[in-house]
Amino acid sequence: MTTLDLVSDLSWAEEIGGRRRAVMSNEAAAIAQAAGSAAAQVAVESADQAARSLQQRLMASGHGRPEIDRCPICFDLVELPMHKNSKVKACCMKRVCDGCDLAAAQRG
């Protein structure tokens, strides 16, 4: 049944309180309800698909560490926790890994 068939199934009831009220046949009402529930189901499925896609993108991103976690001398990542595995040099205010700090101390 098409939309035009649904419109032709509408019949006008008597005027009640100065207003006319549209009345649908039971078959037209059932088809309209089924079309509405199908559209709602498609909308819910679309929203679920978008949520899964967003979750997938969020879980796949953010695995890298920021540039500040790298030693400026050897460019290796400083192990976590950073405050135990690196030192801040007062001369340049940069965080240097313990290996580079040890090598600098040994060189003199």
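Please refer to the structure placed before this passage.
Okay, so let's go over this structure. (Residues numbered from 1 in each chain as written. Predicted model: local features only at pLDDT ≥ 70, side-chain atom pairs only at ≥ 80, totals over all residues. Heavy atoms only, no water.)

Here is the key point about a regular strand: its side chains alternate between the two faces of the sheet. Bridge count between strand β3 (residues 86-89) and strand β4 (residues 94-97): four bridges; the pairing is antiparallel. By the bridge assignment, K87 is partnered in β4 with V96. The antiparallel pairing of β3 with β4 creates a hairpin that spans four residues between the two strands, and M93 there sits at a positive phi of about 55 degrees. (Pairing = 2+ DSSP bridges. Helix = DSSP H or I, 4+ residues; strand = E, 2+ residues; numbered from the N terminus.)

A few words now on the side chain of D101. Among the structural elements, D101 can be located in helix α4 (residues 98-107). The class of D101 is buried, set by a relative accessible area of 18%. (Buried < 20%, exposed > 50% of the residue type's maximum accessible area, 1.4 Å probe, protein only.)

Following L80, the chain continues to P81 via a peptide bond in cis, the omega torsion being -5 degrees. As for its position among the elements, P81 is in the loop between α2 (26-60) and α3 (82-85). You will see that F75, though not glycine, has its phi angle at about 60 degrees, which is positive. Residue F75 is classed as exposed on the basis of its relative accessible area, which comes to 54%. With phi around 55 degrees, M93 is a residue other than glycine that occupies positive phi space. Taking relative accessible area as the criterion, M93 reaches 62% and is therefore assigned exposed.

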